[in-house]
Amino acid sequence: MYKMILIIGSTVVILAACNSASSKKIKERKSAAGKYTLTEVVKEPLSSSLQLPAVLEAYQKVSIYPRVNGFVRSVMVDRGSIVKKGQLLLELDAPEIIQQYYAAQSKYLQAKAIYAGSKDNYERTVAVSETPGTISPHDVEVASARMLADSAIMNSELANFRALEATRSYLTVTAPFDGVITERNIHPGALVGPSTSVSGGPMLMLEQEDRLRLVMQVPEMYSAQLSDSRQVDFHVNALPGENFKGGISRQAGSLSDRFRSEAVEVDVQNPQHRLKPGMYAEVIIPVTGSVQALVVPGSAIVTSTEKKYVIAVRNGHTHWVDVQEGNRHTDSTEVFGNLVPGDKVILQGTDEIKDGVSIE
């Protein structure tokens, strides 16, 4: 009897302890529910700005090489010279080309004179043949054939003469556009030619500097989000405290296989030549968010070693929802995942909040 009473008493104590523990857990769960702040998922594009490195390049840049073999007679420019389109830069000396030119000119003039004679003979023959019985039709045909042959020879000599005339023009090198000479690798007396290496580089380097290209690589996820305004701000380290503006003028239209980015160019007016090709810049580009994006506070996103997720609360229970991040602006972030507008997520997400926990 004593043993039975002892067992019953122990059972009562254990049940009381269990009830006490259950009551404690319920109280803790109720108190835990009050410490989580929920926020609502909204659907809207999140506009922001993107900061990228870029480099300034000359709007036009050309390496000037010789097109014919010859000796440098004179150089009219040097490094730093400002030149205009069509301005004479240097002259080459090639006597054999000059002789070939004058020989071709003589042959053309000779062929032209022969053609003129055969043409006059043909016209006279045709005029006389109008009188019956004076000249046979065969003589008229022979005169016509002679005139056509002389005409073909003259045209051939003319083509050869014009080709050598063009070759002769290569002895004078002019500027193809307005710009600045940034390299000079030759001096008078040097032997140059298409197959001759000139100090490992071109004779001259010409760059347009009153207008520049600002070239940057936009990452894949932002390449389709460039703002319609097309305006960007940038600054260069060489001119601290100064901000410059430009408009997006060109996009590559395809992504680089190596960097998974798209090349974007901004035209920059540089009338005072304060900016130099080769300068590095930091560009701020406005980007527009995706119309399909959902926006949550940045603190709601939990980042682990395996994934990123938000903790949604549905029917009083927590659910880990995998997401991908998009644009960020202040404390808001675009997310893409199994969410709908109006979903409730925990504002201060942490991996200590497990999946499937009941929150009342």
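Going by the structure above, here's the rest.
Being a predicted model, the structure only gives us computed values, none of them experimental.

*Asks:* Explanation requested: the sheet that holds strand β10 (residues 191–192) in the structure shown.
*Replies:* The strands making up a sheet associate through backbone hydrogen bonding, with each pair oriented either parallel or antiparallel. Taken together, the four strands give an open sheet; going across it, the order is β8-β7-β5-β10, and neighbouring strands pair in antiparallel fashion. Each edge of the sheet is formed by a strand with only one pairing partner; in this case those strands are β8 (172–174) and β10. Sheet topology note: the strand β5 (residues 70–75)/β10 ladder contains two bridges and is antiparallel. In the strand pairing of β10, G70 is matched with V192.

*Asks:* How do you make sense of unusual backbone geometry when you look at a structure like this?
*Replies:* With glycine set apart, most residues show a phi of negative sign, and most peptide bonds adopt trans. Residues other than glycine seldom take positive phi values, yet R260 does so here, at roughly 50°. Note on placement: R260 falls in the loop between β14 (244–251) and β15 (261–269). Of note, H273 is a non-glycine position whose phi angle comes to about 60°, a positive value. For H273, the position within the fold is in the loop between β15 and β16 (280–287). With relative accessibility at 22%, the residue H273 sits in the partly exposed group.

*Asks:* Sorry, what's going on with helix α2 (residues 95–129) here?
*Replies:* For the α-helix, the turn length of 3.6 residues means that residues three or four positions removed from each other point alike. Taking 1.5 Å per residue as the helical rise, α2 with its 35 residues ought to reach 51 Å, and the 51 Å between its terminal C-alpha atoms agrees with that figure. Inspection of α2 places I97, Y101, A104, Y108, A111, Y115, S118 and T125 among the buried residues, and these make up the whole buried set. Those residues of α2 hidden inside the fold are in contact with α3 (137–169).

*Asks:* Just to check I follow, could you spell out the side chain of S261 for this structure?
*Replies:* Mapped onto the elements of the fold, S261 is located in strand β15. Take S261: its relative accessible area is 5%, and that puts it in the buried class. Within polar-contact distance, the side chain of S261 engages the side chain of Q217 at 3.0 Å. What S261 contacts, discounting residues up to four positions off in sequence, is Q217, V218, P219, E220, S254, L255 and S256.

*Asks:* Can you help me understand the pattern of salt bridges in this one?
*Replies:* Working definition: two side chains of opposite charge can pair if their charged atoms are close together. According to the stated counting rule, one finds 17 salt bridges in the structure shown. The residue D150 makes a salt bridge to R146 at a minimum N-O spacing of 3.4 Å. In this pair, D150 and R146 both sit in helix α3, four residues apart, roughly one turn of the helix. The class of D150 is buried, set by a relative accessible area of 7%. By relative accessible area, R146 is classed as exposed at 52%. As a salt-bridge pair, R274 and E242 come within 2.7 Å of each other at their nearest N and O atoms. In this pair, R274 sits in the loop between β15 and β16 while E242 sits in the loop between β13 (231–236) and β14, placing the two residues 32 residues apart along the sequence. A cluster of three or more residues bridged by salt bridges with shared partners is formed by R211, R213, R250, E265 and D267.

*Asks:* Any chance you could explain the pairing of strand β12 (residues 211–219) here in plain terms?
*Replies:* For a regular strand, side-chain orientation follows a simple rule: the groups alternate between the two sheet faces. Looking at chain direction, strand β3 (residues 48–58) and β12 are connected through five bridges and run antiparallel. Residue pairing for β12: L56 is matched across the bridge by L214. Sheet analysis places β12 next to β15, joined by nine bridges and oriented antiparallel. In the strand pairing of β15, R211 is matched with Q269.

Calculation rules
What you see as residue numbers is a count from 1 along each chain, following the sequence as written. Restriction of local features to residues with pLDDT of at least 70 applies here, the model being predicted, together with a cutoff of 80 or more for giving and counting side-chain atom pairs; totals for whole chains, interfaces and linings are based on all residues. Computation of side-chain values: all heavy atoms of the structure, hydrogens and water removed. Any two strands with at least two DSSP-identified bridges between them are counted as paired. Runs of E in the DSSP output that reach at least two residues are strands. Runs of H or I that reach at least four are helices, and both are numbered from the N terminus. Each residue's exposure class comes from its accessible area (1.4 Å probe, protein chains only) as a fraction of the maximum for that residue type: buried when under 20%, exposed when over 50%, partly exposed otherwise. The length a helix should cover is 1.5 Å for every residue beyond the first. Throughout, a contact is declared for two residues whenever any of their heavy atoms are within 4.5 Å. Under this definition, polar contacts are N or O atom pairs within 3.5 Å; protein pairs additionally need one hydrogen-donor-capable and one acceptor-capable atom, and for neighbouring residues in sequence, both atoms have to be side-chain atoms. Here, a salt bridge means any Lys or Arg side-chain nitrogen found within 4 Å of an Asp or Glu carboxyl oxygen.

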